[in-house]
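Breakdown of the fold
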Amino acid sequence: MAVDTVRQTKQTSVLERTQQLIKKALEHMGFAESFYELLKRPRRLMTVCIPIRMDDGSVRVFTGYRAQHNDAVGPTKGGIRFHPSVTPEEITALSMEMSIQCGLTDLQYGGGMGGIECDPRTMSAAELERLSRGYVRAISQIVGPTKDILAPDMYTNAQMMAWMMDEYSRLREFDSPGFITGKPLMLGGSAGRESSTVKGVTIVLREAAKAAGVELTGAKVIVQGFGHAGGYLAKFLHDAGAKIVGIADTGGALYHPDGLDVDYLLEKRDASGAVTHLFANAISNRELLVQACDILILAAAENQITEENAADIQAKIVIEAVSGPTTAKATEILTSRGVLLVPDVLASAGGVIASYFERVQNNQGCYWSEAEVYRKLDHLLVNAFRTVHRIALESKVDMRLAVYMAGLRKMAEAMRSRGWV
């Protein structure tokens, strides 16, 4: 099977899984079929062609997308990714997940997402600037501070957001810092924005430990993935008194029941986050997942816990710090065994909350300290976790379905109030 066909099938399956969860959540809450018919696809999906003059003088045409899932509650909000595997199916699914994140954290947003099919690693800074500006020109009619707010995502950064903001401001002929979030601080960015997603994981983890009756001090933790997010989480938990008994990177894994020297491992890892190649006693990632621990943090890749190994997971708490590391069947198995699974949409919600904070500060013209941002972030995520956990217990559903129920209710009620359904 061709690589493009495999990629298309994979993204379609992600979209179908998201649609199935939306349908199931709405049915559990008693909403009519018409609500699902409106929520199973984005209200708008724009495909654009972006001609860019490359450094060698040639003109290359890039394909870009912008999906706006639902704006019943307020303007849509979501990232823009530059990646060679971007597809409309992926962008659509991600816009839906963004709607869920906004709903469960009680933000006045719907979900949006954009992307461009490109490989930014092979492009110069000048080419990336031209592509960033070209994308804004192509979608300018459907985005804006009161329509759809952009943000960084995979392979995009604060500099690209600055170029996009500048281009939009030129088109509209007024300064528009609220058009986009994730900007540099000197252009209206927010303190704490870059670390907000991983900071949010620590807040949700703390609440999950309370709910499961696990004391972080002395808890045995495995962190799969030792890059930026995994390394930060390992260090945070180590400093909080937890015992990091296992870590993994792309080359393998390390496990010791008495704990690992986290500071030493962080010091020795290379630029890609790899460190296990320095040790002769490394095991495989798959072996690490089934070792004894209290908390298992999945911060590496998708489809790590499946139907084949879910019954062997020994953790009391599983945290999805990346997208899609646990399959649907594995979610059922873990839940039936009493494992508290914190889904990716909830665990990673710190990023969209911080983006909301940035827009609020832009509108007010008053900017907060990092401590203030984290205090407000803590408040919203604690409420979100407790709401989801309560729904899971009261409705006797798994945490993933509870996330969708919490995320969809406000949007569905807003649609009803507007008279759409």
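Read on for a plain summary of the structure. Treat the numbers as computed from the prediction; the structure is a model and nothing was measured. Note on numbering: residues in each chain are counted from 1, in written sequence order. In keeping with the predicted nature of the model, local features appear solely for residues at pLDDT of at least 70, side-chain atom pairs appear and are counted solely at 80 or more, and the whole-chain, interface and lining totals rest on all residues. Think of the side-chain values as coming from all heavy atoms in the structure, minus any hydrogens and water.

1. A closer look at the overall build of the chain
Heads up, the condition is: Secondary structure is summarised from DSSP: a helix means a run of H or I of at least four residues, a strand means a run of E of at least two, and numbering begins at the N terminus for each. The globule rule used for comparison is 2.2 Å times the number of residues to the exponent 0.38, while the radius of gyration itself is calculated over C-alpha atoms. Each residue gets one of three labels from its accessible area relative to the maximum for its type: buried under 20%, exposed over 50%, partly exposed in between, using a 1.4 Å probe on protein chains only. Accessible areas in this description were obtained via Shrake-Rupley with a 1.4 Å probe; residue shielding takes into account the shown protein chains only. Counting rule applied: Lys, Arg positive; Asp, Glu negative; His and chain ends not counted. Charge placement uses NZ in Lys and CZ in Arg. For Asp and Glu, CG and CD serve respectively.
In terms of regular secondary structure, the chain is built from 14 helices and eleven strands. In terms of overall size, the chain behaves like a compact globule, its C-alpha atoms giving a radius of gyration of 21 Å where 421 residues would be expected to give roughly 22 Å. If one aligns the C-alpha atoms of the chain with their principal axes, the spans along those axes are about 60 × 55 × 55 Å. By the burial criterion, 57% of the 421 residues in the chain qualify as buried. For the chain, the accessible surface area stands at approximately 17,400 Å², while carbon and sulfur atoms represent 50% of it. Within the chain, one finds 46 positive and 48 negative side-chain charges whose respective centroids are separated by 5 Å.

2. Regarding unusual backbone geometry
Positive phi, close to 65°, is recorded for Tyr 155, a residue that is not glycine. Inspection of the secondary structure assignment puts Tyr 155 in the loop between β5 (148-152) and α5 (158-172). Note on Tyr 155: relative accessible area 39%, which makes it partly exposed. Positive phi outside glycine occurs at Asn 303, with the angle close to 55°.

3. Details of helix α6 (residues 196-212)
Just so we agree on the cut-off: In this analysis, the expected span of each helix is defined as 1.5 Å times one less than the number of residues it contains.
For α6, which comprises 17 residues, the first-to-last C-alpha distance of 24 Å matches the rise-based estimate of 24 Å (1.5 Å per residue) to within 8%. Listing the buried residues of α6 in full gives Ser 196, Val 198, Gly 200, Val 201, Thr 202, Ile 203, Val 204, Leu 205, Glu 207, Ala 208 and Ala 209.

4. Some words on the pattern of salt bridges
Side-chain pairs of opposite charge can arise where the charged atoms are in close proximity. Let me state the cut-off plainly: One speaks of a salt bridge when a side-chain nitrogen belonging to Lys or Arg is within 4 Å of a carboxyl oxygen belonging to Asp or Glu.
Scanning all chains against the criterion turns up 31 salt bridges. Across the pair Asp 55 and Arg 130 runs a salt bridge, and its minimum N-O distance is 2.6 Å. Here Asp 55 is found in the loop between β1 (44-53) and β2 (59-68), whereas its partner Arg 130 is found in helix α4 (residues 125-139), with 75 residues between them in sequence. Using a relative accessible area of 47% as the deciding quantity, one classes Asp 55 as partly exposed. Arg 386 is paired through a salt bridge with Glu 207; the nearest N and O atoms lie 3.3 Å apart.

5. What to know about the packing of helix α12 (residues 350-364) against helix α13 (residues 370-395)
As a reminder, the rule being used: Note on geometry: axes are lines fitted to C-alpha atoms, helical ones only across the stretch in contact, with angles between N-to-C directions running from 0 to 180 degrees. For classification purposes, angles smaller than 35 degrees are called roughly parallel, those larger than 145 roughly antiparallel, those between 65 and 115 roughly perpendicular, and all remaining angles oblique. Crossing handedness is read from the near helix: turned anticlockwise from the far helix by less than a right angle, it gives a left-handed crossing, and turned clockwise, a right-handed one. By definition, residues are in contact when any of their heavy atoms lie within 4.5 Å. Three classes are used: nonpolar for Ala, Val, Leu, Ile, Met, Phe, Trp, Tyr, Cys and Pro, charged for Asp, Glu, Lys and Arg, and polar for all others, with Gly counted as polar.
Where α12 contacts α13, the axes come no closer than 10 Å and their chain directions differ by 125°. Compared by their axis directions, α12 and α13 come out oblique. In the crossing of α12 with α13, the sense of the turn from one axis to the other is right-handed. In contact with Gly 350, Ile 353 and Phe 357 of α12, α13 contributes Val 373, Lys 376, Leu 377, Leu 380 and Leu 381. A breakdown of the residues in the contact of α12 with α13 according to their chemical character gives six nonpolar, one polar and one charged.

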